[in-house]
Amino acid sequence: MKVSRIAQFKAGSAPFVLGLALLATPAFAQDAPAEDDAENTDIIVTGSLITNPNLEQSTPVNVTTADEIELLQSNVAEEILREIPGIVPSIGSAVNNGNGGASFVNLRGLGANRNLVLLDGIRIVSAGLGGGVDLNNIPLAMIERVDSLTGAAVTTYGADAITGVVNFITKRDFTGVEIAAGTALTEQGDGNTFRIDATIGASFDDGRGNVVLSLGYQEADPVYQGDRPFSDNTLDSYSNTFLGSGTSVPSRFSGTRPLIAGTNTPNTTPLPTSTGNGGLRQINAAGQAVGTFQFFNFNPFNIFQTPFERFNMFAQGNYEISDAVEIYARGMFSKNTVDTIIAPSGIFGSTITTNLNNPFLPATLRNQFCAFNIAPAASGLYTPRFTPAECAAAATATGRTDPNYREVLTTVNRRSVEVGSRNSNYQTTMFDYRIGARGGITDAIDWDVSGSYGESENVETILGYVNTARARQAALVNGTLANPVCQVTTDGCAPLNLFGAAGTISPEAAAFIETPAQTTVRNSAASVRGVVSGDLGVTSPWAGEGIGFALGGGYSVFDAQRNSDLLAATPGGLGGAGGAALNLDGSYDVYDAFGEIIAPLIEDRPFFHSLTLEVGARYSAYSVDAPGNPSSNATTWKVGGSWEPTEDIKIRGNYSRAVRAPNIAELFFPQTVGLTNLGIDPCAGAAPVGNANLRAICLAQGAPAGTIGSITNPTAAQALITVGGNVNLQPEIADTWTLGVVLQPSMIPNFSISIDYYNIKITDVIGTATPGDIIGACFDNITAASASSFACTSTRRNPITGGLDGDPSLSDGLFGPTTNLGALATDGVDLIANYRRDLGFADLALSFVGNWTNSSTFNSNPANPDSINRECVGFYSANCSFTGSIQPKLQFTQRTTLSFEGVDVSLLWRWIDSVSYEPAQFADELVAAIDAGCTDPSGADGDGCIIDPQFRTIPAEHYFDLTTRFTLGENVTLTLSVQNLLDNQPKVVGASVGSTSFNSGNIFPSTYDSLGRRFAASVRLRF
């Protein structure tokens, strides 16, 4: 079929042709072309800049059509991509604690920062500091299809495309009016979603021009974990018992006390002076030992579906100035609001000064405070803070000027339930536009010049968090129970009672200690690009099609800032907010020059229906706006080809050398203390008491001698970690290759199948070691470990509790610098099959998309022979969170559709292979348990030293979605769906087997359905 130069441009910016039979989703009877026209139907796919619609590329592409999007009835693009095998769920609507107000895609489980998201083959401005595109901004109503390209695409699209690209292709030359509205609701009556879109388009000047405008609105309601029976209580994955947060109510106070000789039990008898080993003493507000403490159940406050609201606009137009020149433009605007809701704030291990004449302070607790040890940690002596006489006198002191007045400093954990839940409101405003012109230099050679600019602003407003400084002020209380007053007064200060049960913090005090904070992240991206492409006018002696080429260059500038108010930027300033949001300002630019050639070598010869060679190269020069102006250069290239012995079979392959440049966060993130996931601390419990080398390491890391034997594992499996960027980072290097076969046997009409093997290996990986790797570098060989080694001393412990959690202003926790030391690798097989047949009474369409991942490994430092090459396919753990959520060995979707006259009935079957707890992590925990003298490592006796057997595996899971679509006349389509038809419930594995982002509510809600059976309905009007 002859295609005009302008028509080629209108088809898209990455115009390669793939036959209908290779689509990953079935064509329904009412949408399929007539048999006579089928071979003339061009499907433009992603992967090259060469504008020759008769050439097919050598890399596999998975295509999701607008028809499939309609059947899925999803609210946003992330939910659609989450269901595609080979894509590992990333941050999205199912992530609550860890969601920054944006949704991302993670191809192959190698990270959302290693793939590109494009709109019509062009980048759009990123969200956040990590360079990812927020999928919430994609205008689904305008999407014709989604192409997911496997393998490196940096030659075509530039850095970041190591694992591939996801290209959203918009509808072209849209005319008419289309209004679509849909809603969904769970069987429990919650989680309602609503979406409405209106699109209008028209052609003018005898078809020389076209404009389209699309407006949309979407919203989603929360689903609380407390409303599902499997998540209403926080389960500890080690003991298989309820074990919530140690920051609870009443308060928990920590200080040092002596140990009874020969035991690990703190001596509760206040003694004036004695000798012996010190021990951490944890008591509640009644002065009782921590063993009687009631842990806090944080699950009911958390959510499985984040509240979401979006307004979006999309417009594009094109006009042919002449037969050879066309101008075009595209603009998009989106305003999104995402809310995350987690359990109430409080004082999370911060130090609080308490005056002993505080009218709220119970006498029993006052006596315990007075008995806290103040002797030097290394002395082995026990000296109480105050004598009994001093303690009694201090209780009746009249004020700070009274000579008997005394204060004590303790570590406090108190959940401020009176303040309410912690809410983070993320409002993102984004616009992105592109303008360009394209035309023909000759009948065979074209040009395309364009420029684009985009900005994204994400404003995070957090509410319900305790201002630690105000809590310290309000905790110093004078007066009487009937008339308590703040000792240090400012406007609005109200006395804070830290010693009572829930409800004893007054509304006035709750209002005083709760202070909103705000952080704003801005991104901008500007680029210009020019491409010359077409036919060289040269052909192989054995082929009739000319050699296609593309040459071009471009310049791009990427800039990002983070600006926080004083409270958000203060370490430990907000209780339970993790690390401080320090200010950041960074940018870099890149110059590119690139070229591609596709050469048909042989055509229409025996055993050579076609033989095509494909090559490409790109040179990139990066410059970082930092002292010294660090710079780097990178050359990427690809070579591939395809061989069709006959029309029925095609063998294809591609090899490429790719790079990924460091993003703004990796370059400029300030060194700060944040949170990571760690369930087991080797220094916790009794293990260091009987192991001299282990004890020496714990002390070298900053644990006070008095805490040895009483250190606890990190609360809620969350430990402190120090992280930061590095302006001297170099690009990652990746070698990727694919090899596959496509079958379209003539003996089976309307049937196709493609099988492709992919292999991706990345060196000089930009990243941080996993928490297990950081711990393992010091503790894996405890008999040979040196307490003075950097691997050990780089970890800094809480100077009061000796633990790895608590106030980030007190300790640094683990040390996780950003380096180029790591290595990533994955390989696997994709299978796509489609079949369509007329049964007489109906049309049958079958489709299958499957992925088998053989391996996915991460080694934080291959140069170190002791570093683990961590395998995470089919496994879950906090260390395997580098893949995103769970990555199973085998995953597939299969859709069966019967199309009757005016009615389509479609059943989607989704399969997820069984997975289990990561063996490397389990082995480390087993060794640690034995070293600690755990009497029953399985946890059957309640020790809970390692993951409970019930939580070590998740069986294979499958879901069915049933959809019926009615065509009511020429203008109306009604679609009804039941999602998770069998109401399958997720397997419970507890709350401490994975990262906080993906292991939530005792399950993995991004991988397994947490909402239950849902009902959806939508209607589409077309005029």
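These figures come from a predicted structure and were not determined experimentally.

> How would you explain the overall build of the protein if you had to name every residue and give the values?
When helices and strands are counted, the protein shows 15 helices and 46 strands. For the protein, contacts bridging at least 24 residues in sequence account for 75% of all contacts bridging at least 6.

> Give a detailed account of helix 13 (residues 771-779), specifying residues and quantitative values.
Quick reminder: α-helices carry 3.6 residues per turn. Residues three or four places apart thus point the same way. A large share of helix 13 lies buried, amounting to eight of its nine residues. Where helix 13 is concerned, the buried positions are P771, G772, D773, I774, I775, G776, C778 and F779.

> Explain the side chain of N167 residue by residue, including any values.
Its place among the elements puts N167 in strand 7 (residues 164-170). For N167, a relative accessible area of 0% corresponds to the buried category. At a separation of 2.8 Å, a polar atom in the side chain of N167 contacts the main-chain amide nitrogen of G121.

> Tell me about the pattern of salt bridges, and name the residues and values.
Across all of its chains, the model carries 35 salt bridges by this definition. For E70, the salt bridge identified is with R1020, shortest N-O distance 3.3 Å. With E70 in helix 3 (residues 66-72) and R1020 in strand 46 (residues 1014-1022), the pair connects residues that are 950 residues apart, well separated along the chain. No difference in accessibility class separates E70 from R1020, as the two residues are buried. Taking the shortest distance from any N to any O, the salt bridge between R870 and D773 comes out at 2.6 Å. Of the two residues, R870 is situated in strand 38 (residues 869-871) and D773 in helix 13; the sequence distance between them amounts to 97 residues. With respect to burial, R870 and D773 carry one shared label: buried. Bridged by salt links that share partners, the residues D67, E70, D904, R965 and R1020 form one connected network.

> So, the nonpolar core: which residues are in play, and what are the values?
In terms of nonpolar packing, the biggest core is built from 47 residues, with L81, L135, I143, F168 and Y622 touching the most fellow members. Of all the elements, helix 10 (residues 664-668) adds the most residues to this core, at four residues. In contact with Y622, not counting residues within four places along its chain, are A159, Y588, D589, V590, P630, S631, S632, N633, A634, V659 and A661. Listed in part, the 32 residues of the second largest apolar core include F369, F386, A475 and L498.

> I'd like to hear about the state of the cysteines, residue by residue, with values.
Per the counting criterion, the structure on display carries five disulfides. Here C778 connects covalently by a disulfide to C792, the sulfurs 2.0 Å from one another. Sign of the S-S torsion, about 100° for the bond between C778 and C792, identifies this disulfide as right-handed. Placement of C778 in helix 13 and of C792 in helix 14 (residues 790-793) is noted, with a sequence separation of 14 residues between them. Judged by relative accessible area, C778 falls into the buried class, the value being 3%. The disulfide partner of C872 is C880, and the gap between their sulfur atoms is 1.9 Å. On the sign convention where negative is left-handed, the bridge of C872 and C880, at about -85° about the S-S bond, is left-handed. For C872, a relative accessible area of 0% translates into the label buried. By relative accessible area, which is 4% here, C880 ends up buried.

> For the confidence of the model for the protein, give the residues involved together with the corresponding values.
Averaged over all residues, the pLDDT of the protein equals 86, while 88% of them reach at least 70. Confidence drops under a pLDDT of 50 for residues 51-55, and excluding neighbours within four residues, the segment shows 22 contacts in the predicted structure. A low-confidence stretch, residues 258-281 stays under pLDDT 50, and its non-local contacts, those more than four residues away or across chains, total 64 contacts.

> How would you sum up unusual backbone geometry? Please name residues and give values.
Across residues other than glycine, the phi torsion is negative in most instances, and most of the peptide bonds are trans. For the peptide bond that leads from V249 to P250, omega is 5°, which places it in the cis range. In this structure, P250 sits in the loop between strand 11 (223-224) and strand 12 (252-258). Here D173, not a glycine, exhibits a phi torsion of approximately 50°, which is positive. Assignment of secondary structure puts D173 in the loop between strand 7 and strand 8 (176-186). Look at N980: it is not a glycine, yet its phi comes out positive at around 55°. Among the structural elements, N980 can be located in the loop between strand 45 (972-979) and strand 46.

> Can you explain the environment of N297? Please cite residues and give values.
For N297, the location among the structural elements is in the loop between strand 14 (278-284) and strand 15 (303-305). The exposure class assigned to N297 is buried, which follows from its relative accessible area of 17%. Expressed as a C-alpha distance, the spacing of N297 and L243, which sit 54 residues apart in the sequence, is 7.5 Å. Filtering out sequence-adjacent residues up to four positions away, N297 remains in contact with D232, N233, T234 and F242. Reaching out from N297, the side chain makes a polar contact with the side chain of N233 at a distance of 3.0 Å.

> Talk me through the sheet that holds strand 43 (residues 953-954); I want residue IDs and the actual numbers.
The strands that make up a sheet are held in pairs by hydrogen bonds between backbone atoms, and each pair lies either parallel or antiparallel. Pairing within the open sheet is mixed, and its three strands lie in the order 39-42-43. Two strands bound the open sheet, and with one partner strand each, they are strand 39 (875-876) and strand 43. Looking at chain direction, strand 42 (residues 915-917) and strand 43 are connected through two bridges and run antiparallel. Note on strand 43: the bridge partner recorded for V915 is I954.

> I'd like to hear about the sheet that holds strand 5 (residues 122-123), residue by residue, with values.
Across the sheet, which stays open at both edges, the five strands sit in the order 3-6-7-4-5 with mixed pairing between neighbours. Each edge of the open sheet carries a strand with a single partner, namely strand 3 (61-65) and strand 5. Here strand 3 pairs with strand 6 (residues 143-150) via five bridges, running antiparallel. The residue bridging V63 from the neighbouring strand is D147, located in strand 6.

> Provide a residue-level description of the packing of aromatic side chains, including the pertinent values.
With the rule as written, the count across this model stands at 23 aromatic pairs. When the ring of F431 is compared with that of Y433, the centres are 6.2 Å apart and the planes differ by 10°; the resulting orientation is stacked. Take F431: its relative accessible area is 30%, and that puts it in the partly exposed class. Exposure remark for Y433: the relative accessible area of 42% places this residue in the partly exposed category. Relative to W643, the ring of F608 has its centre 5.7 Å away and its plane inclined at 40°; by these criteria the two rings are tilted. In this pair, F608 sits in strand 28 (residues 608-624) while W643 sits in strand 29 (residues 631-646), placing the two residues 35 residues apart along the sequence. Judged by relative accessible area, which is 26%, F608 ranks as partly exposed.

> Would you mind going over the environment of S527 in detail, with residue names and values included?
Structurally, S527 is set in strand 25 (residues 517-539). A residue is classified by how much of its surface remains accessible, and S527, at 26% relative accessible area, is partly exposed. In this structure the C-alpha to C-alpha distance between S527 and S450, which are 77 residues apart in sequence, comes to 8.5 Å. S527 has contacts with S450, G451, S452, Y555 and S556, leaving out every residue within four places of it along the chain. Among the polar contacts made by the side chain of S527, one reaches the side chain of S452 at a distance of 2.9 Å.

> Tell me about a nonpolar patch on the surface, and please be specific about residues and values.
Residues V177, I179, I196, I200, L213, L215, M313, F333, F431, Y433 and F1023 make up a contiguous nonpolar surface patch of about 920 Å² in total accessible area. Of all elements in the fold, only strand 8, strand 9 (193-204), strand 10 (209-220) and strand 21 (422-440) reach the threshold of two or more residues within the nonpolar patch. If you trace the backbone, L215 turns up in strand 10. On the basis of relative accessible area, L215 is assigned to the partly exposed category, the value being 39%.

> Give me the pairing of strand 29: which residues, what numbers.
The pairing of strand 28 with strand 29 spans 14 bridges and is classified as antiparallel. Looking at strand 29, one finds that G616 is bridged to K638. Counting the residues between successive antiparallel strands, the hairpin from strand 28 to strand 29 contains six residues, one of them, G628, with a positive phi of roughly 85°. When strand 29 meets strand 30 (residues 649-660), the two strands line up antiparallel, connected through eight bridges.

> Lay out the environment of G690 in plain terms, naming residues and giving numbers.
One can find G690 in helix 11 (residues 687-690). Taking relative accessible area as the criterion, G690 reaches 74% and is therefore assigned exposed.

> Quick rundown of helix 8 (residues 468-475)? Include the residues and the values.
Regarding helix 8, the residues found buried are T468, A471, Q473, A474 and A475. In this structure, the buried side of helix 8 is in contact with strand 18 (346-355), strand 23 (477-479), strand 24 (484-486) and helix 9 (507-513). Put simply, N467 is the residue that caps the front of helix 8, since its side-chain oxygen is 3.1 Å from the backbone nitrogen of A469.

Rules of the game
Residues numbered from 1 in each chain as written. Predicted model: local features only at pLDDT ≥ 70, side-chain atom pairs only at ≥ 80, totals over all residues. Heavy atoms only, no water. Helix = DSSP H or I, 4+ residues; strand = E, 2+ residues; numbered from the N terminus. Contact = heavy atoms within 4.5 Å. Buried < 20%, exposed > 50% of the residue type's maximum accessible area, 1.4 Å probe, protein only. Polar contact = N/O pair within 3.5 Å; in protein donor to acceptor, adjacent residues only side chain to side chain. Salt bridge = Lys/Arg side-chain N within 4 Å of Asp/Glu carboxyl O. Core = buried A, V, L, I, M, F, W, Y, C linked by side-chain atoms within 4.5 Å. Disulfide = S-S within 2.5 Å. pLDDT = per-residue confidence, 0-100. Pairing = 2+ DSSP bridges. Phe/Tyr/Trp six-rings, centres within 6.5 Å; stacked < 30°, edge-to-face > 60°. Patch = residues over 30% accessible without salt bridge, like charges linked within 9 Å, V, L, I, M, F, W, Y side chains within 5 Å. Areas by Shrake-Rupley, 256 points an atom, 1.4 Å probe, with all protein chains shown as cover.

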